[in-house]
Amino acid sequence: MHRTTAGARFGPVRLIERDSDFAVVFAADTTRWAVLVQPGGDSPKASVILGVPNPRVGFGRSFRASYLERLNVHQSGDPSVGREPPEFGWMALAGIAAEGVSQFEVRSSIDTDTGGVGADDGVVFAVLRARWREKLHVAVTLASGETVQIHHPSLRPPN
């Protein structure tokens, strides 16, 4: 992490590579966000695909109803020449995990992203490729080893 002239911390915390595209997850004292970078000849194209506020110090993570709160899903992709939505795009999912959640898995029909949960703040941040407007599958693993499917209107219901 780097410090700005104002003293705030800022820096990359994760790199996700898929073919020639990649996404970088950045963290700062107040926000985390994913930046998608796509090759573009001499000038790569970068775009922010999702930002999520870090929870305040002391944010209660004792909830259990869904194991993920403040869930946010966003998709980014370039339209075709005819201005139709793309067939595939990048999806980012962010949320805050309940106490006792140690890992997450986010799946689309073509990609999977797994990772650990932020130890101090419980932030879950996944970035993966997906079909346009596809609903994702999300599961979390508890410290006990039990895997729990997450139910949310923006996600695909478990099979």
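Residues numbered from 1 in each chain as written. Predicted model: local features only at pLDDT ≥ 70, side-chain atom pairs only at ≥ 80, totals over all residues. Heavy atoms only, no water.

Asks: Quick question: what am I supposed to make of the sheet that holds strand β9 (residues 112-116) here?
Replies: By way of backbone hydrogen bonds, the strands of a sheet pair with one another, either parallel or antiparallel. The strand order β9-β8-β11-β12 describes an open sheet built from four strands, whose pairing is antiparallel. Each having just a single partner strand, β9 and β12 (147-149) make up the two edges of the open sheet. In this sheet, neighbouring strand axes are inclined to one another by 20° on average, regardless of whether the strands run parallel or antiparallel. In this sheet, β9 lies alongside strand β8 (residues 101-107) in antiparallel orientation, the contact comprising five bridges. Within β9, the position partnered with Phe104 by the bridge is Gly115. (Pairing = 2+ DSSP bridges. Helix = DSSP H or I, 4+ residues; strand = E, 2+ residues; numbered from the N terminus. Axes fitted to C-alpha atoms, helices over the stretch in contact; angles between N-to-C directions.)

Asks: What is the right way to look at the side chain of Gln75 in this model?
Replies: In this structure, Gln75 sits in strand β6 (residues 68-76). According to the relative accessible area criterion, Gln75 is buried, its value standing at 14%. Here Arg131 takes part through its backbone oxygen, which lies 3.2 Å from a polar atom of the side chain of Gln75. At a separation of 2.7 Å, a polar atom in the side chain of Gln75 contacts the main-chain amide nitrogen of Arg133. Those residues in contact with Gln75, other than ones at most four positions away along the chain, are Gly89, Trp90, Met91, Ala130, Arg131, Trp132, Arg133 and Glu134. (Buried < 20%, exposed > 50% of the residue type's maximum accessible area, 1.4 Å probe, protein only. Polar contact = N/O pair within 3.5 Å; in protein donor to acceptor, adjacent residues only side chain to side chain. Contact = heavy atoms within 4.5 Å.)

Asks: Looking at this model, I keep getting lost on the pattern of salt bridges. Mind explaining?
Replies: Inspection of the entire model under this criterion finds three salt bridges. Among the ionic pairs, Arg107 bridges to Glu105, the shortest N-O distance being 3.3 Å. A relative accessible area of 32% places Arg107 in the partly exposed class. (Salt bridge = Lys/Arg side-chain N within 4 Å of Asp/Glu carboxyl O.)

Asks: Sorry if this is basic, but what is going on with the sheet that holds β6 here?
Replies: Pairing within the open sheet is antiparallel, and its three strands lie in the order β6-β7-β10. Each edge of the open sheet carries a strand with a single partner, namely β6 and β10 (123-131). Across the sheet, the mean angle separating the axes of adjacent strands is 15° when strand polarity is ignored. Where strand β7 (residues 88-97) and β10 come together, nine bridges link them in antiparallel fashion. Paired with Leu93 across the bridge in β10 is Ala126.

Asks: I would appreciate a short explanation of the confidence of the model for the chain in the present structure.
Replies: Do not read the predicted coordinates in detail wherever pLDDT is low. Summarising the model, the chain shows a mean pLDDT of 79, and 84% of its residues fall at 70 or more. Highest mean pLDDT in the chain belongs to β8 (92); lowest belongs to strand β1 (residues 2-3) (68). (pLDDT = per-residue confidence, 0-100.)

Asks: How do you make sense of the nonpolar core when you look at a structure like this?
Replies: Soluble, globular proteins show a tendency: their nonpolar side chains are buried together. Formed by 22 residues in total, the largest nonpolar core has its most connected members in Tyr67, Leu68, Leu93, Val101, Val106, Leu136 and Val140. Those elements giving two or more residues to this core turn out to be β6, β7, β8, β10 and β11 (137-142). Here the element with the most residues in this core is β10; it accounts for four residues. If you look at the next biggest cluster of nonpolar residues, it comprises 13 residues, including Ala23, Leu36, Leu50 and Val127. (Core = buried A, V, L, I, M, F, W, Y, C linked by side-chain atoms within 4.5 Å.)

Asks: Teacher, can you tell me more about unusual backbone geometry here?
Replies: Leaving glycine aside, a negative phi is the common case for residues, and trans is the common case for peptide bonds. Positive phi values are uncommon outside glycine, yet Arg133 reaches one of about 65°. If you trace the backbone, Arg133 turns up in the loop between β10 and β11.

Asks: Got a minute to help me understand the environment of Ala130 in this structure?
Replies: In this fold, Ala130 is placed in strand β10. By relative accessible area, Ala130 is classed as buried at 0%. If sequence neighbours within four positions are ignored, Ala130 has contacts with Gln75, Glu87, Phe88, Gly89, Met91, Ser108, Ile110 and Leu136.

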